[in-house]
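Structural overview
Residues per chain, in single letters:
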Amino acid sequence: MSTLYEVPLARRAQAGVVVLALALALVVAGIAPLVVEAPAWLRVAGVLLLLLGLLIALIGSGLLNTVRLQRRHDAARQAQFDIDAAAAAVCADFEAANGLIGSPCGPEGCGGACALGQLKNGELKNSAAGR
């Protein structure tokens with residue numbers, strides 16, 4: 001993983017915006033001699049500024065893209081934690097409802113032994129079909 005991801009999100013987002021503002025200024029400064037009457041050396045400098053501004057714009061957009069990707073990754077990770085917590089709660093409820101000691105889910109997940117597997121198969125002890 002890149003060391004860029006060690007920089008906090010807020011600082012990366014702020015740096016990306018500042019870099020894009022600098023890029024915009026360079027692009028405007030590069031275009032100005034090209035659209036008005038100017039000496040040749042100033043036109044060459046304008047083209048160089050334009051290219052430099054476009055390069056810096058790519059860097060700034062890359063910084064902002066890392067912020068977007070990390071936020072998406074953090075949201076997906078949080079969703080997975082929520083799913084795991086819900087599955088653990090379902091397993092705990094199943095254990096309590098059926099008087100089980102120990103976890104039928106185990107560290108590898110539920111498999112067919114926990115409440116989720118039992119619900120799918122309709123094999124719950126207290127279900128209407130089992131009465």
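Reference entry: report on the structure contained in this document. (Residues numbered from 1 in each chain as written. Predicted model: local features only at pLDDT ≥ 70, side-chain atom pairs only at ≥ 80, totals over all residues. Heavy atoms only, no water.)

For the protein chain, the helix and strand inventory stands at three helices and zero strands. For the protein chain, the sequential pattern of α-helices and β-strands runs α-α-α. By residue count, 21% of the 131 residues in the protein chain fall in the buried class. Within the protein chain, counting contacts between residues at least 6 apart in sequence, those at least 24 apart form 55% of the total. (Helix = DSSP H or I, 4+ residues; strand = E, 2+ residues; numbered from the N terminus. Buried < 20%, exposed > 50% of the residue type's maximum accessible area, 1.4 Å probe, protein only. Contact = heavy atoms within 4.5 Å.)

In this section: helix H2 (residues 40–98). In this model H2 runs 87 Å from its N-terminal to its C-terminal C-alpha over 59 residues, within 8% of the 87 Å that 1.5 Å per residue would give. Gly46, Gly53, Ile56, Gly60, Leu63, Thr66, Val67, Gln70, Cys91, Phe94, Glu95 and Asn98 are the residues of H2 that are buried. Of the residues one or two after H2, Gly99 is the one with positive phi, at around 65°. (Expected span 1.5 Å × (residues − 1).)

Packing of helix H1 (residues 9–35) against H2 brings their axes to within 7 Å, and their N-to-C directions diverge by 160°. In terms of axis orientation, H1 runs roughly antiparallel to H2. Note that H1 runs across H2; the crossing there is left-handed. Here the residues of the contact of H1 with H2 sort into 25 nonpolar, eight polar and four charged. (Axes fitted to C-alpha atoms, helices over the stretch in contact; angles between N-to-C directions. Parallel < 35°, antiparallel > 145°, perpendicular 65-115°, else oblique. Left-handed = near helix turned anticlockwise from the far one by under 90°. Nonpolar A, V, L, I, M, F, W, Y, C, P; charged D, E, K, R; others polar.)

Moving on, we come to the pattern of salt bridges. One pass over the structure, following the stated rule, counts one salt bridge. Of the charged contacts, one joins Arg77 and Asp74 as a salt bridge, the two residues approaching to 3.2 Å between their closest N and O atoms. Placement of both Arg77 and Asp74 in helix H2 is noted, with a separation of three residues, approximately one turn of the helix. Owing to a relative accessible area of 42%, Arg77 belongs among the partly exposed residues under this scheme. (Salt bridge = Lys/Arg side-chain N within 4 Å of Asp/Glu carboxyl O.)

Further remarks concern a nonpolar patch on the surface. On the surface, a nonpolar cluster with roughly 780 Å² of combined accessible area is contributed by Ile31, Leu34, Val35, Val36, Val44, Val47, Leu48, Leu51 and Leu54. Those elements that place two or more of their residues in the nonpolar patch are H1 and H2. For the nonpolar patch, the element with the highest residue contribution is H2, accounting for five residues. Mapped onto the elements of the fold, Val35 is located in helix H1. (Patch = residues over 30% accessible without salt bridge, like charges linked within 9 Å, V, L, I, M, F, W, Y side chains within 5 Å. Areas by Shrake-Rupley, 256 points an atom, 1.4 Å probe, with all protein chains shown as cover.)

We now examine H1. With 27 residues, H1 should reach 39 Å at 1.5 Å per residue; the first-to-last C-alpha distance of 39 Å fits that figure. The complete set of buried residues in H1 reads Arg12, Ala13, Gly16, Ala23, Leu26, Val27, Gly30 and Pro33. The elements touched by buried residues of H1 are H2.

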